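What the coordinates show
Chain by chain, the residues:
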Amino acid sequence: MSFSGSTAGSGSRTTRTSLEFGRTHVVRPKGKHEATIVWLHGLGDKGSSWSQLLESFPLPNVKWICPTAPTRPVAAFGGFPCTAWFDVGDISEDAPDDLEGLDFSAAHVANLLSTEPADVKLCVGGFSMGAATALYSATCHAFRQYGNGSPYGVNLSAVVGLSGWLPCSRTLRHRMQGVNDAGRRAASLPVLLCHGTGDDVVSYQQGEKSTRILSSSGFQNLTWRTYEGLGHYTMPEENDEICRWLSANLCLGGT
């Protein structure tokens, strides 16, 4: 799968009311429920692929929610439909962002988290396009609003992105300067970003650039992890880092 050589747009005109999210898979906590994490899959995947892996993580106090993206036309595939959180063509600084699609999926994530108990920490994470959606949710948390100006009502405690990129990166710094308290909320939000140097789908350079833009825009509590030779997939060492990082930053109970 490659994103190069096309531009976004064909799917962004899809009527939102015609899109339906697929099945949501839930992994219940085995211990005291301390945190709920919505985990978002990559392009063309489904929630069940990740729920099986996440169930094996030694985090007994975490509830995992793994939704499935709508099936929609994707410009990267010439308009061919597949599961996608938003439309995407070329992952680059100059590619257009499907803001409507990003808002649509970020709102779905927020709705999934909005019914969780008040004393539970709320988080979002994901892989590839799922990581991009998670990082977009992080910016919505900082601005307290979606890209369309509607209020964003979820108070996130952490964000994790694997092998992903930052949507709307061109306008982030400027927007941060124009919203009261956005810098404070961004600075206090823990963010973990992981990327392999051998990624041939979302390049390591793109992940590194996204990290720099987030950091320079005010996301100061940011951890960047590099995995030498890792392609567009996960590995046990990376999964162990995720568990350690979540345990520390969410102050979770015993593993």
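Anyway, here's the lowdown on the structure attached to this text. Just so it is clear, the model here is predicted, and its values are computed rather than measured. (Residues numbered from 1 in each chain as written. Predicted model: local features only at pLDDT ≥ 70, side-chain atom pairs only at ≥ 80, totals over all residues. Heavy atoms only, no water.)

**A look at the sheet that holds strand β9 (residues 222-227)**
Spelled out, the test is: Whether two strands pair comes down to DSSP finding at least two bridges between them. Only runs of H or I of at least four residues qualify as helices and only runs of E of at least two qualify as strands under DSSP, and these elements are numbered from the N terminus. Inter-axis angles, ranging from 0 to 180 degrees, are taken between N-to-C directions of lines fitted to C-alpha atoms, where helices are fitted over the stretch in contact. Contacts were defined at the residue level, with two residues in contact if any of their heavy atoms lie within 4.5 Å.
Strands sit in the order β1-β3-β2-β6-β7-β8-β9 across an open sheet of 7 strands; the sheet is mixed. With one partner strand each, in any of the chains shown, β1 (25-27) and β9 form the two edges of the open sheet. If you compare each strand with its neighbour and ignore which way they point, the axes differ by 15° on average. Relative to strand β8 (residues 191-196), strand β7 (residues 156-162) runs parallel, the two being bridged by 4 bridges. By the bridge assignment, V160 is partnered in β8 with L192. The strands touched by helix α3 (residues 129-143) are β2 (35-40), β6 (121-127), β7 and β8; relative to β6, the strand with the most contacts, the crossing angle is about 145°.

**Here we look at the packing of aromatic side chains**
Threshold: Between rings of Phe, Tyr and Trp, where Trp is taken as its six-membered ring, a pair exists when centres lie within 6.5 Å; planes separated by under 30 degrees are stacked, by over 60 edge-to-face, and by other angles tilted. When a residue's accessible area, from a 1.4 Å probe over protein chains only, is under 20% of the maximum for its type it is buried; when over 50% it is exposed; and in between it is partly exposed.
Evaluated as defined, the whole model comprises 9 aromatic pairs. For the ring pair W39 and W50, a centre distance of 5.5 Å and an interplane angle of 45° mean the geometry is tilted. With W39 in strand β2 and W50 in helix α1 (residues 47-54), the pair connects residues that are 11 residues apart, well separated along the chain. Taking the relative accessible area as the measure of exposure, W39 reaches 2% and is therefore buried. Classification of W50 by relative accessible area gives buried; the value is 9%. With centroids separated by 5.9 Å and ring planes inclined at 85°, the aromatic side chains of F57 and W64 adopt a geometry described as edge-to-face. Judged on exposure class, the residue F57 and its partner W64 are both buried. Through a chain of ring-to-ring contacts, three or more aromatic side chains come together here, namely W39, W50, F57, W64 and F127.

**Observations regarding the nonpolar core**
Selection rule: Only buried residues count toward a nonpolar core. Its members are Ala, Val, Leu, Ile, Met, Phe, Trp, Tyr and Cys residues joined through side-chain atoms within 4.5 Å.
Judged by nonpolar contacts, the single largest core of 52 residues is most densely connected at V159 and F219. Each residue touching F219, except ones within four places of it in the same chain, is listed here: A138, T139, A142, A186, L189, V191 and L214. In this structure, V27, V62, Y227 and L246 belong to the second largest nonpolar core, which totals 26 residues.

Keep in mind that these numbers describe shape and distance, not what the molecule does.
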